[in-house]
Amino acid sequence: MSLVQIKHRFTAAVLFEGEYDSRRACLEAAVKAGADLAGANLAGADLARANLAGAYLAGADLTGARNVPTDAQAEPAEPYERKPAHERYAERAARFRERNPEVPVVVALDAKLLTILDSGRGKLRMDQWHTCKTTHCRAGWAVTLAGDAGKALEDKHGSQRAGTLIYRASTGRVPHFFASDERALEDIREQAATQRVDG
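Reference entry: report on the structure contained in this document. (Residues numbered from 1 in each chain as written. Predicted model: local features only at pLDDT ≥ 70, side-chain atom pairs only at ≥ 80, totals over all residues. Heavy atoms only, no water.)

A few words on the pattern of salt bridges. Summed over the entire model, instances satisfying the criterion amount to eight salt bridges. The closest approach of N and O atoms between R138 and D110, which form a salt bridge, is 3.0 Å. Of this pair, R138 sits in helix α4 (residues 138–145) while D110 sits in helix α3 (residues 109–119); the two residues are 28 residues apart in sequence, bridging distant segments of the chain. On the basis of relative accessible area, R138 is assigned to the buried category, the value being 1%. Relative accessible area serves as the criterion here: at 0%, D110 is assigned to the buried category. A salt bridge links R125 to D127; its shortest N-O distance comes to 3.0 Å. (Salt bridge = Lys/Arg side-chain N within 4 Å of Asp/Glu carboxyl O. Helix = DSSP H or I, 4+ residues; strand = E, 2+ residues; numbered from the N terminus. Buried < 20%, exposed > 50% of the residue type's maximum accessible area, 1.4 Å probe, protein only.)

Counted by the stated rule, this structure contains three aromatic pairs. Ring geometry for W129 versus F178: centroids 6.2 Å apart, planes at 80°, classification edge-to-face. Here W129 is found in the loop between β3 (123–124) and β4 (130–132), whereas its partner F178 is found in the loop between α6 (159–171) and α7 (181–192), with 49 residues between them in sequence. Relative accessible area serves as the criterion here: at 30%, W129 is assigned to the partly exposed category. Since its relative accessible area comes to 52%, F178 is described here as exposed. Over the ring of Y89 we find R173, and its NZ or CZ is 5.8 Å from the ring centre. (Phe/Tyr/Trp six-rings, centres within 6.5 Å; stacked < 30°, edge-to-face > 60°. Lys NZ or Arg CZ within 6 Å of the ring centre and 35° of its normal.)

The subject of this paragraph is the pairing of strand β2 (residues 14–20). The buried count for β2 comes to six of seven residues, which makes it a mostly enclosed element. Examined bridge by bridge, strand β1 (residues 2–7) and β2 share six bridges and lie antiparallel to one another. Counterpart to S2 in the pairing with β2 is Y20. Here β1 hands over to β2 after six residues, with A12 in that stretch at a positive phi of 65°. (Pairing = 2+ DSSP bridges.)

One way to put it is that α4 packs onto α6 with a least axis distance of 8 Å and a crossing angle of 65°. Overall, the two elements α4 and α6 adopt an arrangement that is roughly perpendicular. Where α4 crosses over α6, the two elements pack in a sense that is left-handed. Every residue of α6 that contacts α4 at R138, A139, A142 and V143 is listed here: S159, A162, G163, I166 and Y167. Of the residues belonging to the contact of α4 with α6, the class tally is six nonpolar, two polar and one charged. (Axes fitted to C-alpha atoms, helices over the stretch in contact; angles between N-to-C directions. Parallel < 35°, antiparallel > 145°, perpendicular 65-115°, else oblique. Left-handed = near helix turned anticlockwise from the far one by under 90°. Contact = heavy atoms within 4.5 Å. Nonpolar A, V, L, I, M, F, W, Y, C, P; charged D, E, K, R; others polar.)

Quick look at the packing of α3 against α6 now. Angle between the axes and distance between the axes: these two values describe a pair of packed helices. Packing of α3 against α6 brings their axes to within 9 Å, and their N-to-C directions diverge by 115°. One element, α3, and the other, α6, form an angle in the roughly perpendicular class. Residues L109, D110 and L113 of α3 pack against I166, Y167, S170 and T171 of α6. Residue classes in the contact of α3 with α6 are distributed as four nonpolar, two polar and one charged.

The next thing to look at is unusual backbone geometry. Even without being glycine, A12 reaches a positive phi, approximately 65°. Looking at the secondary structure, you find A12 in the loop between β1 and β2. Positive phi, normally seen in glycine, also occurs at A108, with a value near 55°. Following the sequence through the fold, A108 ends up in the loop between α2 (85–99) and α3.

Turning our attention to the sheet that holds β4. With mixed pairing, three strands are arranged side by side in an open sheet as β3-β5-β4. Of all strands in the sheet, those bounded by a partner on one side alone are β3 and β4. Where β4 lies against strand β5 (residues 135–136), two bridges are found, and the strand directions are antiparallel. Bridge pairing links C132 to T135 in β5.

This is the structure in structure tokens:
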């Protein structure tokens, strides 16, 4: 088995990931977990025998995908009012934490990170995981803000995987860890606006 990721077709944000034997197995697990796969890049995937009943694939790129099951819907069967993104992410984070209780959670992760960056107590360098104690990339900051548990997770899985797990548990989404400093900071500001820091 190896790490398989389903990414957004335009932003490259990771919508779902895990250790699986195939892309199809990862996709089935994502559907079973209730992951929002809107905009997923599934181009060229072989979906033979994939159980995609109930999958929400609006805007997904299925270019060249083979054996797409007829029960996969690009749109829901009945119209519904879609929840705001921050509510959907909070629900995803809660489901992820139930399945992965060992992953540390940083409440209002992006809001806390933005406070550090705006105060000048730390810097964002997306081209390095950790430069020093006060300069990290976004995944490095997630690990750092998670404290000793974050460091232990990083020692076990590496910086990128640890950052991915902490972001998934804390926010329900995984940002693009290879974005430019400017784009990463822009996204941090957008996400921080939906998060509340208590205390």
